[in-house]
Structure formats: structure tokens, C-alpha cells
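Topology and contacts: notes
Each chain is listed here by its residues.
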Amino acid sequence: MKPMEETISSAIVRSYFKKLEAHLAVDVAIVGAGPSGLVAARDLALAGCSVAVFESKLAPGGGTWGGGMLMNEVVVQEDAATILHEFDITTVPVGEGYHTVDSVEMAAGLIFGARKAGAVIFNAVTVEDIVIHDGIVCGAVINWNPVARLGMHVDPIVITSRAILDGTGHPSEIINKAVHKAGVAIDSPTGGILGEKPMWMEDGERTTVLNTKRLYPGLYASGMAANNVQGGFRMGPIFGGMFKSGRKVAKLILEDLNK
Ligand code: 48F
């Protein structure tokens, strides 16, 4: 009889590496488990794609947990509240076409919904680079976040994919790699990154969805990453644009992958 300690450690190691090995090559690699990435992950997984989400923090959810200034409520427009209802997340109508949502329920619900649909989330894993072959982005270069944060000189491994979604929020880290490291011209007015503008909720919400697109073969942006690339305004604790952006990018990817 093995000691319990050995059984537990062995179960974790075997099941983690089984999960990782099954996702070394995926249809879609999503970088960042924020609201837009999680909605996209669920839609893509429900449509039959293999989906791996890489989140550098321990807790997925991105900027959803803290509400507005740590008051853990956020606001969502009526038409986007329906997306949350698909995740079984409760919204409370407050008039003028808006609903409030408990941000902890929202974060937990989005994570659970994406995972239950079949997307696998690898937390504490950072995407530090991309792979480009013959003008197509076709892989995510990953490492443990603590390795990156401690500046340890450790080589990464690669996840190959048919599409990569930059859902990294304000810094649009993956598009940055494409533009500044690979030197490619992306689908923006300058071919580069215009940079996020200050707060204008109404315009920011509208353009987040408009700015959600394929930027280069194999490479897409959603949420604040998409807005940062195209020079959109920020919008703070109103989230409808993020959910609609995730839905839109999933549709675009599915069309391109002929799924
Ligand atoms: O920023 P974030 O929540 O993404 P989003 O979908 O949503 C934006 C809103 O939360 C909010 C807003 C709404 O009005 O303005 O900001 O655009 O989540 C991005 C996630 O990406 C992770 C990061 O930890 C966060 O959880 N991330 C960033 N860079 C990397 C990464 C990376 N290189 N590798 C893995 N994860």
C-alpha cells in the first residue's frame, strides 16, 4: 500500500501533465482570462474548438473582481446582460437600460462557464512570445509566471495553435510582440499600436466591439487589448463591450477556422 502522500502527488502530476499534453496543439490559444477572453473561450469551446486559456495571474478573471474602486459591483447594459444570463450570472435591473452585477459572482461565473464549456485554463502561466511561420502567427510561447517574475533564465515551451487571441487587456502584450518584436504591420490605421485614450464610457464601449478584429493572419484582439491597438477610449466598470467583444472575436475565429 502506497502512503497517501505518494498517491496524492502522483494523481496531481499525472492529471496535470495529461491536461497539458492534450493542449500542446490547439485550435485557439487565448492569452488572458479577462471577461472578453472568457466569453470567447466559452463560445469557441461550445462550437467544438479545442481552447487553451493562459492566464499569468493565479486567479483568472482579469479586471472583473474589483468592481469600481474596490466596490464589488459592476454595471452592464441590458443587451449584454443576456450574455451573462447564459452563464447563469444574476443581473439586477437599475433603470435606464442598465443592470448591476456582483463582480465576484461575475468573475467566478465567467471562469466556471468557460471551463465547463470545455476550455482549459492554465493559470500562473505567462505567454512571453509568439511563433510566426511564413507570415502566420501559429503559436504561443509559455513559461511559468513566477519564472518570468523572478527573472530566472529558463527557456519556455511552445503551444501551437491555429489562432491566437490577445485578451491581455490594457497592455495588449501579444500584439506588442507582433509589432515590436516580429516587426509586422497589423490591421490598424498606422499598422502599429495607437495606444489607449482616456475615459469616455459611451465611446469606449462602442469602439471596443468595433475594434475587435483579426489584426494579422492567426492573430486577433479582444477587449481592452483591441481598444489599445486602435486608439479607443477606456470605459471603467461598465462591461457590456467586453462581453460583446468576446462574442464577436469568437465568431470571427470560427469563420476563419471554418468551424
Ligand atoms: O484586462 P482584462 O480584464 O481583459 P479584458 O477582457 O477586460 C478589461 C476589463 O477587465 C477592464 C475594463 C472594463 O471596462 O476596462 O479592464 O480586456 O484581463 C486581462 C488578463 O490578461 C492577463 C492578465 O493577468 C489579466 O488577467 N495577462 C496579461 N498579460 C498576459 C496575461 C500574458 N502575457 N500572459 C498571460 N496572461
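Scroll up a little and you will see the structure.
Residues numbered from 1 in each chain as written. Predicted model: local features only at pLDDT ≥ 70, side-chain atom pairs only at ≥ 80, totals over all residues. Heavy atoms only, no water.

Now for the environment of Asn176. With respect to the element layout, Asn176 can be found in helix 6 (residues 173-181). Spatially, the C-alpha atoms of Asn176 and Val229 are 8.9 Å apart, while their sequence positions differ by 53 residues. Residue contacts for Asn176: discarding those within four places in its chain leaves Pro171, Lys181 and Ile193. (Helix = DSSP H or I, 4+ residues; strand = E, 2+ residues; numbered from the N terminus. Contact = heavy atoms within 4.5 Å.)

So, on to the pattern of salt bridges. Tallying each qualifying case throughout the model produces nine salt bridges. Between Arg162 and Asp27 there is a salt bridge, and its shortest N-O distance comes to 3.6 Å. Here the residue Arg162 occupies a position in strand 9 (residues 157-166), and Asp27 occupies one in strand 1 (residues 25-31), the gap between them amounting to 135 residues. According to the relative accessible area criterion, Arg162 is partly exposed, its value standing at 42%. Members of the salt-bridge network, linked through shared partners, are Arg42, Asp43, Glu86 and Arg247. (Salt bridge = Lys/Arg side-chain N within 4 Å of Asp/Glu carboxyl O. Buried < 20%, exposed > 50% of the residue type's maximum accessible area, 1.4 Å probe, protein only.)

What follows deals with the packing of helix 2 (residues 35-46) against helix 9 (residues 240-256). As a packed pair, helix 2 and helix 9 sit with axes 7 Å apart at the nearest point and diverge in direction by 40 degrees. Here helix 2 lies oblique to helix 9, going by the angle between them. Judged by the sense of rotation from one axis to the other, the crossing of helix 2 with helix 9 is right-handed. Along the contact surface, helix 2 presents Pro35, Ser36, Val39, Ala40, Arg42, Asp43 and Leu44, while helix 9 presents Met242, Phe243, Ser245, Gly246, Arg247, Val249, Ala250, Ile253 and Leu254. Of the residues contributing to the contact of helix 2 with helix 9, the split by class is 10 nonpolar, three polar and three charged. (Axes fitted to C-alpha atoms, helices over the stretch in contact; angles between N-to-C directions. Parallel < 35°, antiparallel > 145°, perpendicular 65-115°, else oblique. Left-handed = near helix turned anticlockwise from the far one by under 90°. Nonpolar A, V, L, I, M, F, W, Y, C, P; charged D, E, K, R; others polar.)

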